Amino acid sequence: MPTVKEKNMMNSPLKTAKGLGSAHHGVEHWLSQKITALANLPLILWFICSTVSLYAKGASYEAFTAWVAQPLNTTLLVAMFISVFYHAKLGAQVVTEDYVSCGAMKKAKLIAQKLFFALITVASIVCVLKIAFTAGM
Amino acid sequence: MSDTVSQKAKRPLSPHLQVYKLPLTALLSITHRFTGMALIFGSLIVVGFFFAAASGEEYYNMFLDYAEMPIAKVILFLWSGALYYHMCNGVRHMIWDTGALLTKASAMKANYVVLLSAALLTIGTWAMACPCWKG
Ligand code: HEM
């Protein structure tokens with residue numbers, strides 16, 4: 001016997017099990033927002049601690065580039081930029097979806113945002129790698 | 001089908017934002033969104049810094065000279081506060097997703113925990129960076 005709650009549901013049991021709701025997507029958007037939030041947390045804390053420590057030591061160009069060039073730091077910096085900008089892209093998308101009501105304007109803004117975040121992700125990675133590969137030269 | 005008056009009366013009303021004094025929980029909720037958007041601009045400054053460093057020593061030093069200006073310090077301070085607020089409230093968001101802390105009373109308590117943690121982290125970071133330790 002179906003329970004009262006099951007009877008009142010609009011979705012079929014299969015739809016409920018898939019958990020995708022009427023829009024067929026959204027769960028993975030939400031989940032990616034949370035996974036990137038989780039990744040941001042240690043990465044940004046590490047970045048702040050490193051930056052403060054470099055600053056306290058005088059923040060010379062040599063010290064900074066040598067720090068970026070250490071393989072672990074290069075890796076974490078690239079990871080941080082990817083995670084932060086993916087997180088920001090997902091977040092900005094929700095804000096636009098909530099506040100921009102006109103269909104064409106909304107589509108245009110969403111596309112522009114996607115391209116923008118892709119561009120600054122690439123730019124940040126290029127800069128990190130260039131510093132890492134040319135440090136001390 | 002049109003509703004009867006009694007059915008209409010039972011429905012919850014969403015707050016009329018122009019005349020409704022936001023409770024702290026709602027204020028902190030919109031602040032999470034506001035700080036998220038502000039942090040996008042902050043992250044562009046970080047990219048700008050890496051761009052300068054990747055362009056060579058003189059650009060790196062030029063960037064740091066700008067960063068020493070009082071207005072830059074003020075922006076950096078507000079930015080660090082926004083980042084720590086968004087971070088602490090983000091952790092609360094993830095706790096909410098587990099189903100915990102969702103009652104009005106526990107949300108109210110967590111409001112203060114989030115605000116206090118963010119304030120302490122901000123002050124702690126600036127204390128660590130303070131030139132007074134360099135001696
Ligand atoms: C420090 C680590 C961070 C954590 C733990 C974190 C956590 C979160 C969480 C959990 C959400 C989803 C809130 C919800 O479900 O409604 C969120 C939203 C968002 N975050 Fe972050 N975040 C972090 C850093 C950042 C950074 C660095 C940026 C910007 C570059 C950013 C921009 C945003 C934006 C724009 C949103 C969407 C706001 C909304 O939908 O109202 N976050 N963040």
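This write-up is about the structure you can find in this document. This is a predicted model, so every value here is computed, not measured.

## Some points on the overall build of chain B
Then, number 1: If you tally the helices and strands in chain B, you get five helices and zero strands.
Then, number 2: When the helices and strands of chain B are listed from N to C terminus, the series reads α-α-α-α-α.
Then, number 3: Radius of gyration (C-alpha) of chain B: 21 Å, far over the 14 Å computed for a compact globule of 135 residues.
Then, number 4: Seen along its three principal axes, the alpha-carbon backbone of chain B occupies a region of about 75 × 35 × 30 Å.
Then, number 5: For chain B, with 135 residues in total, the buried portion stands at 29%.
Then, number 6: Look at the contacts in chain B between residues 6 or more apart in sequence, and 70% of them connect residues 24 or more apart.
Then, number 7: Of the roughly 9200 Å² of accessible surface on chain B, 73% is carried by carbon and sulfur atoms.

## A word on a nonpolar patch on the surface
Then, number 1: On the surface, A:Tyr99, B:Leu17, B:Val19, B:Tyr20, B:Leu22, B:Leu27 and B:Ile30 cluster together into a nonpolar patch covering about 710 Å² of accessible area.
Then, number 2: Mapping B:Ile30 onto the fold places it in helix H2 (residues 24–55).
Then, number 3: What makes B:Ile30 partly exposed here is its relative accessible area of 39%.

## Quick notes on the site of the ligand
Then, number 1: Residues in contact with the ligand amount to 24 residues; listed here are only the nearest, A:Lys34, A:His87, B:Arg33, B:His86 and B:Met87.
Then, number 2: Two or more chains meet at the ligand, and those chains are chains A and B.
Then, number 3: Taking B:His86, its side chain carries an N or O atom lying 2.8 Å from a nitrogen atom of the ligand.
Then, number 4: For the shell around the ligand, the secondary structure elements donating two or more residues are helix H3 (27–56) and helix H5 (71–99) of chain A together with H2 and helix H4 (70–97) of chain B.
Then, number 5: No other element matches H2(B), which puts seven residues into the shell around the ligand.
Then, number 6: Within the shell around the ligand, the residues separate by chemical class into twelve nonpolar, ten polar and two charged.

## Overview of the interface of chain A and chain B
Then, number 1: Listed per partner, the contact involves 37 residues of chain A and 31 residues of chain B.
Then, number 2: Between chain A and chain B lies a buried interface of about 2900 Å² when both sides are counted; carbon and sulfur atoms form 76% of it.
Then, number 3: One can count two salt bridges joining chain A with chain B.
Then, number 4: When the shortest N-O distance is used, the salt bridge between A:Lys34 and B:Asp97 registers 2.8 Å.
Then, number 5: At the junction of chain A and chain B, the tally comes to six residue pairs in polar contact (both at pLDDT 80 or more).
Then, number 6: Elements with a contribution of two residues or more to the side of chain A that touches chain B: H3, helix H4 (61–69), H5 and helix H6 (103–134) of chain A.
Then, number 7: Across the side of chain A that touches chain B, the residue classes tally to 30 nonpolar, three polar and four charged.

## A look at H2(B)
Then, number 1: For H2(B), built from 32 residues, the straight-helix expectation of 46 Å at 1.5 Å per residue is met to within 8% by its first-to-last C-alpha distance of 45 Å.
Then, number 2: One or two positions beyond H2(B), positive phi appears at B:Gly56, with a value near 130 degrees.

## Brief notes about the nonpolar core
Side chains of nonpolar character tend, in soluble globular proteins, to be buried together.
Then, number 1: Core analysis: the largest hydrophobic core is formed by 45 residues, its most contacted members being A:Phe64, A:Val68, A:Leu77 and B:Phe50.
Then, number 2: Secondary structure elements with two or more residues in this core: H3, H4, H5 and H6 of chain A together with H2, H4 and helix H5 (104–129) of chain B.
Then, number 3: Broken down by element, this core gets its largest block of residues, nine residues, from H2(B).
Then, number 4: Those residues within four positions of A:Val68 in sequence are excluded, and the remaining contacts are A:Asn73, A:Thr74, A:Leu77, A:Val128, A:Ile131, A:Ala132 and B:Phe50.

Each value, and the rule that gives it
Residues numbered from 1 in each chain as written. Chains lettered and ligands numbered in written order. Predicted model: local features only at pLDDT ≥ 70, side-chain atom pairs only at ≥ 80, totals over all residues. Heavy atoms only, no water. Helix = DSSP H or I, 4+ residues; strand = E, 2+ residues; numbered from the N terminus. Rg over C-alpha atoms; globule rule 2.2 N^0.38 Å. Buried < 20%, exposed > 50% of the residue type's maximum accessible area, 1.4 Å probe, protein only. Contact = heavy atoms within 4.5 Å. Areas by Shrake-Rupley, 256 points an atom, 1.4 Å probe, with all protein chains shown as cover. Patch = residues over 30% accessible without salt bridge, like charges linked within 9 Å, V, L, I, M, F, W, Y side chains within 5 Å. Salt bridge = Lys/Arg side-chain N within 4 Å of Asp/Glu carboxyl O. Near = heavy atom within 4 Å. Polar contact = N/O pair within 3.5 Å; in protein donor to acceptor, adjacent residues only side chain to side chain. Nonpolar A, V, L, I, M, F, W, Y, C, P; charged D, E, K, R; others polar. Buried area = accessible area lost by both parts, 1.4 Å probe. Expected span 1.5 Å × (residues − 1). Core = buried A, V, L, I, M, F, W, Y, C linked by side-chain atoms within 4.5 Å.

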